[in-house]
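As a plain string of letters, each chain reads:
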Amino acid sequence: MAGQLVKEWAGIQQFPVATQEKLVDLLAKLKNQNADTLTILVMGKGGVGKSSTINSIIGERVVTVSAFQSETPRPVMVSRSRAGFTLNIIDTPGLVEGGYVNDQVFDSIKRFLMTKTIDVLLYVDRLDAYRVDDLDKQVVKAITDSFGKEIWHKAMVVLTHAQLSPPDALTYEELFSKRSESLLKCVRQGARISKKDVQNFAIPVALVENSGRCNKNEHDEKILPTGTPWIPNVVHAITDIALNGHGGILVDQKVIHPFNPSIPKHNVMPFLAFVLQYFFVIKPIQKQIKYDVSRETIPSWA
Ligand SMILES: Nc1nc2c(ncn2[C@@H]2O[C@H](COP(=O)(O)OP(=O)(O)OP(=O)(O)O)[C@@H](O)[C@H]2O)c(=O)[nH]1
Ligand SMILES: [Mg+2]
């Protein structure tokens, strides 16, 4: 990440002391494991709360939040350092706008990430969306095609708008588990993770509430309806992924091209066409010629 402006992580001091202490412990844990840089890629559909989540985690308004479609749809990396540790968070434009997966956005993200290593992917969606459709699967497929299936070893699902009252007859826990299960199922299908591979790709799900009206506990920490302070909880899950033994994803031509479905690895069509032509056209003609030659009567003059 040479040439990148790395500012001191001042936002950490904006958090209540209880949160600060937990975050400092988590950063120390990373440093103890020789991880002095952590690069987090944040992706998801438009307007789900990607930028708001980044601002909440950094504790500063570092990226633009808008209730409407972003005006400058390009990736941005924010870097903050503290005690020799550097945190990079990459915000990206919504991958789906107007009902389809935006290929141009994907291309701009891939170009931006070239030569960078992704340590953690936050795949963001909303808790209060009760349906998963084919478009969700397409987004996951596009991420997988772009960076390889391995990216899901370094991924976590983040559900925003977590401070809500569930619809009738559902408890908060039931709503969370139904929503996470349907989204994880969609991720597995889109990423082509087979049933026997599910254990191998354990993707955690964390809840986030970015609203200024988020409830707080007695230590002034923002909490989920379950009482869990969500910022240290998310950073804890991020740390676990960073240290889960799977290497980060280095984005280079090797990662991007073999998985890009628009560039076929081996074009078998000409070979197949030749084989079909041989068996169904050339061979029958040869057979007919042989037959005709064998039946030919030689004129007496010859
Ligand atoms: N209540 C509530 N509102 C949220 C939450 N997260 C984001 N919002 C609001 O949702 C809107 C979109 O948030 P953004 O953070 O800009 O979403 P985004 O995914 O970055 O959007 P794009 O960059 O346009 O794809 C803004 O009005 C936010 O204030 C949340 O957890 N709770
Ligand atoms: Mg945004």
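Residues numbered from 1 in each chain as written. Chains lettered and ligands numbered in written order. Predicted model: local features only at pLDDT ≥ 70, side-chain atom pairs only at ≥ 80, totals over all residues. Heavy atoms only, no water.

**Student:** Is there a simple way to explain the layout of surface pockets in this structure?
**Tutor:** In this approach the atoms are scanned with a rolling probe the size of a water molecule, which exposes any empty space left behind. In this model, the second largest pocket occupies a volume close to 300 Å³. Looking at the second largest pocket, it is lined by 18 residues, and the ones nearest its centre are F15, N55, S56, G59 and K222. No other element matches the three residues that helix α2 (residues 50-58) contributes to the lining of the second largest pocket. Split by residue class, the lining of the second largest pocket holds five nonpolar, seven polar and six charged. (1 Å grid on protein atoms, 1.4 Å probe; cavity = no way out; pocket = protein on both sides within 12 Å on 5 of 7 lines; lining within 4 Å. Points joined across faces, edges and corners; volume = space filled by probe spheres on them. Helix = DSSP H or I, 4+ residues; strand = E, 2+ residues; numbered from the N terminus. Nonpolar A, V, L, I, M, F, W, Y, C, P; charged D, E, K, R; others polar.)

**Student:** Just checking my understanding: could you explain the packing of helix α4 (residues 134-147) against helix α5 (residues 172-190) for this structure?
**Tutor:** The angle between the axes and the distance between the axes are what describe a pair of packed helices. Between α4 and α5, the least distance of the axes is 8 Å, while the angle of their chain directions is 45°. As the angle between them shows, α4 and α5 are arranged oblique. The crossing of α4 and α5 is right-handed. Listed contacts from α5 to D136, K137, V140, K141 and T144 of α4 are C186, V187, Q189 and G190. When grouped by side-chain class, the residues that make up the contact of α4 with α5 number three nonpolar, three polar and three charged. (Axes fitted to C-alpha atoms, helices over the stretch in contact; angles between N-to-C directions. Parallel < 35°, antiparallel > 145°, perpendicular 65-115°, else oblique. Left-handed = near helix turned anticlockwise from the far one by under 90°. Contact = heavy atoms within 4.5 Å.)

**Student:** Please explain empty space enclosed by the protein as it appears in this structure.
**Tutor:** Summed over the entire model, instances satisfying the criterion amount to one cavity of 30 Å³ or more. When its volume is computed, the largest cavity comes out at roughly 70 Å³. Residue lining of the largest cavity: W9, L27, L30, L38, I40, I57, F85, L87, V235 and I238, and that is the complete set. Of all elements in the fold, only α1 (17-32), β2 (37-44), β4 (85-91) and α6 (230-242) reach the threshold of two or more residues within the lining of the largest cavity. Of the residues in the lining of the largest cavity, the class split is 10 nonpolar, no polar and no charged.

**Student:** Help me understand α6, please; the structure alone is not making it clear to me.
**Tutor:** Over its 13 residues, α6 extends 18 Å from the first C-alpha to the last, a length consistent with the 18 Å expected when each residue adds 1.5 Å. For α6, the complete set of buried residues consists of W230, I231, P232, V234, V235, A237, I238, T239 and I241. Turning to α6, the residues buried within the fold contact α1, β2, α2, β8 (120-126), β9 (155-160) and β10 (205-207). (Expected span 1.5 Å × (residues − 1). Buried < 20%, exposed > 50% of the residue type's maximum accessible area, 1.4 Å probe, protein only.)

**Student:** What am I meant to see in the pattern of salt bridges here?
**Tutor:** Two side chains that carry opposite charge are able to pair once their charged atoms sit near each other. Tallied over the entire structure, the rule returns 11 salt bridges. One salt bridge in this structure joins E60 and R80, with 3.3 Å as the shortest N-O distance. A residue pair is termed long-range when its members are at least 10 positions apart, and E60 in the loop between α2 and β3 (76-82) and R80 in strand β3 qualify at 20 residues. Judged by its relative accessible area of 8%, R80 is buried. For the salt bridge of D128 with R126, the shortest nitrogen-to-oxygen distance reads 2.8 Å. Taking relative accessible area as the criterion, D128 reaches 26% and is therefore assigned partly exposed. For R126, a relative accessible area of 27% corresponds to the partly exposed category. Counted as one network, the salt bridges with shared partners bring together K45, D125, D136 and R179. (Salt bridge = Lys/Arg side-chain N within 4 Å of Asp/Glu carboxyl O.)

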